[in-house]
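Per-entry structural report
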Amino acid sequence: MVMRRVDLRSDTVTKPTEAMRAAMASADVEDDVLGSDPTAHRFESEMARVMGKEAALFVPSGTMGNLISVLVHCEVRGSEVILGDNSHIHVYENGGISTIGGVHPRTVKNKSDGTMDLDQIEAAIRHPEGALYYPTTRLICLENTHANCGGRCISSEYTDRVGQIAKKHGLKLHIDGARIFNASIALGVPVHRLVEVADSVSVCMSKGLGAPVGSVIVGSREFITKAKRLRKTLGGGMRQVGVLCAAAYVALRDNVGKLEDDHKKAKMFADGLRQIKELTVDTSSVETNMVFFDIVESSLITPERLCQVLEEHGVLAMPASSTSVRFVVHYQISESDIHYALACVQQAVQELSTDGIAK
């Protein structure tokens, strides 16, 4: 029987701390749909302050937060949003902007660092003279950090330039900032500076920050007023939601400073994986808490089989593609866990390589 469990599937798997549970149990709550929950109000006010925006709104999930943000900016059906072809909104959010909002995605190729070519972004903007034939461009979306590109950080300078393009053409800019605090810590730049030019930002509280539930969207007061109505439409209006906001407040207060350790452990993990013969890791791309590694072409090992064998040893991971695996470090993963996981990967690779040769 496996006695040790090291869950590296995502930073969404964290358990609420005792401080979070205590805050939830003692939270002062009222009906938030009626606008009277004091704990929700306190948390939203603090998030708005930290992010440098006028107002904030707690929502059940990052997917809902992004969907609401896109729909606020693209109120007219048939609007178009420019976003990365490998972005979370485009790949992993069930096509909600199209199926629910009638918003058309126009993708631009993501570079390996998570950015999109600025000239290609501008070229993707529809010319007003083509309005009879084409959707109307209304929004540009960025993602920071960029998950599918390995948790890479998007600089404030790059974001500013995208903001300039948006402003030049009368467009809005939304940032999927699910892990924006990871970017802030890794870059050494205050989070409000990273999103200064954005019209809206979604921030996940239940990833690296470790809250059990929820995300926050921030923007102008006018934006949040519209967002609140859409949250109700989508079924995200919750009554005594202060119980959840209390835990999110603790996460914001206590766990931002722990992200730097997560990044250090991820780099340690990447350095260890690089020593394993059947694997390749670009350690320079490990900027935050994610580690992607590839299995060499000549190997008979598959990501699915490797993850199966690792699970037998209590190490949980996720295939990222037909040739790669993703590990995500979070604050409830210790340095000892990293060493244990590395030893298990080494053992699993040896077992599978030996089995492949024997066959």
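Below or above, wherever it landed, is the structure these notes cover. (Residues numbered from 1 in each chain as written. Predicted model: local features only at pLDDT ≥ 70, side-chain atom pairs only at ≥ 80, totals over all residues. Heavy atoms only, no water.)

**Re the overall build of the chain**
Across its full length, the chain holds 14 helices and 13 strands. Relative to the globule expectation of 21 Å for 359 residues, the C-alpha radius of gyration of the chain, 21 Å, shows essentially globular dimensions. For the chain, the proportion of its 359 residues judged to be buried stands at 54%. Partitioning the contacts of the chain with sequence separation of at least 6, the portion at a separation of at least 24 is 73%. Accessible surface computed for the chain: about 16,300 Å², of which carbon and sulfur atoms make up 50%. (Helix = DSSP H or I, 4+ residues; strand = E, 2+ residues; numbered from the N terminus. Rg over C-alpha atoms; globule rule 2.2 N^0.38 Å. Buried < 20%, exposed > 50% of the residue type's maximum accessible area, 1.4 Å probe, protein only. Contact = heavy atoms within 4.5 Å. Areas by Shrake-Rupley, 256 points an atom, 1.4 Å probe, with all protein chains shown as cover.)

**Regarding the packing of helix H2 (residues 38-51) against helix H11 (residues 242-255)**
Axes are the key here: two packed helices are described by the angle between their axes and the distance separating the axes. Orientation of H2 relative to H11, taken along the N-to-C sense of each, is 35°, at an axis distance of 8 Å. As H2 packs across H11, the resulting crossing turns out to be left-handed. From H2, Thr39, Ala40, Arg42, Phe43, Glu46, Met47 and Val50 reach across to H11, where they touch Gly242, Cys245, Ala246, Ala248, Tyr249 and Leu252. Here the contact of H2 with H11 is built from residues that sort into nine nonpolar, two polar and two charged. (Axes fitted to C-alpha atoms, helices over the stretch in contact; angles between N-to-C directions. Left-handed = near helix turned anticlockwise from the far one by under 90°. Nonpolar A, V, L, I, M, F, W, Y, C, P; charged D, E, K, R; others polar.)

**Details of the packing of aromatic side chains**
Two measures describe an aromatic ring pair: the distance that separates the ring centres and the angle between the ring planes. Inspection of every chain in the model, using the stated rule, returns four aromatic pairs. Plain terms: the ring middles of Phe269 and Phe327 are 4.7 Å apart, the flat faces sit at 25° to each other, and that makes the pair stacked. Taken together, the positions of Phe269 in helix H12 (residues 259-274) and Phe327 in strand S13 (residues 324-328) put the pair 58 residues apart, joining distant regions of the chain. Summarising the burial analysis for this pair, Phe269 and Phe327 share the class buried. Taken together, the ring pairs in this structure connect Phe269, Phe293 and Phe327 into an aromatic cluster. Across from the ring centre of Tyr249, 3.8 Å away, lies the NZ or CZ of Arg42, which sits over that ring. (Phe/Tyr/Trp six-rings, centres within 6.5 Å; stacked < 30°, edge-to-face > 60°. Lys NZ or Arg CZ within 6 Å of the ring centre and 35° of its normal.)

**Details of the sheet that holds strand S2 (residues 55-59)**
Spatially, the seven strands line up as an open sheet ordered S2-S8-S7-S6-S5-S3-S4, and their pairing is mixed. Each edge of the open sheet carries a strand with a single partner, namely S2 and strand S4 (104-108). Averaged over neighbouring strand pairs, the angle between their axes works out to 25° when direction is ignored. Alignment of strand S7 (residues 200-204) against strand S8 (residues 215-219), held across five bridges, turns out to be antiparallel. Its bridge partner lying in S8, Val203 is registered against Val216. (Pairing = 2+ DSSP bridges.)

**Some thoughts on the sheet that holds strand S12 (residues 318-319)**
Sheet architecture is open: four strands sit in the order S9-S10-S13-S12, paired in antiparallel fashion. Two strands close off the open sheet at either side, each with one partner strand: strand S9 (279-280) and S12. In this structure, S12 lies alongside S13, joined through two bridges in antiparallel fashion. Across the sheet, Pro319 pairs through a bridge with Val325, a residue of S13. Contacts from H12 reach S9, strand S10 (290-295) and S13 within the one sheet, and its direction differs from that of S10 by about 15°. Packing against the sheet, helix H13 (residues 303-312) makes contact with S10, S12 and S13, and its axis sits at approximately 40° to S13.

**Details of the pattern of salt bridges**
Under the criterion given, the structure shown has 16 salt bridges. One salt bridge connects Asp337 with Arg4, and the closest N-O pair in it is separated by 2.9 Å. Pair noted here: Asp337 is in helix H14 (residues 335-358) and Arg4 is in the segment before strand S1 (6-7), with a separation of 333 residues, a long-range link. Looking at Asp337, the relative accessible area reads 12%, which means it is buried. One salt bridge in this structure joins Arg152 and Glu287, with 2.9 Å as the shortest N-O distance. Linking Arg152 in the loop between strand S5 (136-143) and helix H7 (156-168) with Glu287 in the loop between S9 and S10, this pair joins segments that are 135 residues apart in sequence. (Salt bridge = Lys/Arg side-chain N within 4 Å of Asp/Glu carboxyl O.)

**Examining the nonpolar core**
Core analysis: the biggest nonpolar cluster contains 56 residues, and Phe43, Met47, Met51, Ile121, Ile140, Phe181 and Met205 have the highest contact counts within it. The greatest single-element share of this core, amounting to eight residues, is contributed by H11. Among residues more than four places away in sequence, those in contact with Ile140 are Ile82, Ile121, Val162, Ile165, Ala166, Leu171, Lys172, Leu173 and His174. (Core = buried A, V, L, I, M, F, W, Y, C linked by side-chain atoms within 4.5 Å.)

**Considerations on a nonpolar patch on the surface**
Together, Leu132, Tyr133 and Tyr134 line one region of the surface with nonpolar side chains, adding up to about 430 Å² of accessible area. One can find Leu132 in the loop between helix H6 (118-124) and S5. (Patch = residues over 30% accessible without salt bridge, like charges linked within 9 Å, V, L, I, M, F, W, Y side chains within 5 Å.)

**Details of the environment of Leu300**
Summarising the element assignment, Leu300 is placed in the loop between S10 and H13. Separated by 144 residues in the primary sequence, Leu300 and Ser156 place their C-alpha atoms 42 Å from one another.

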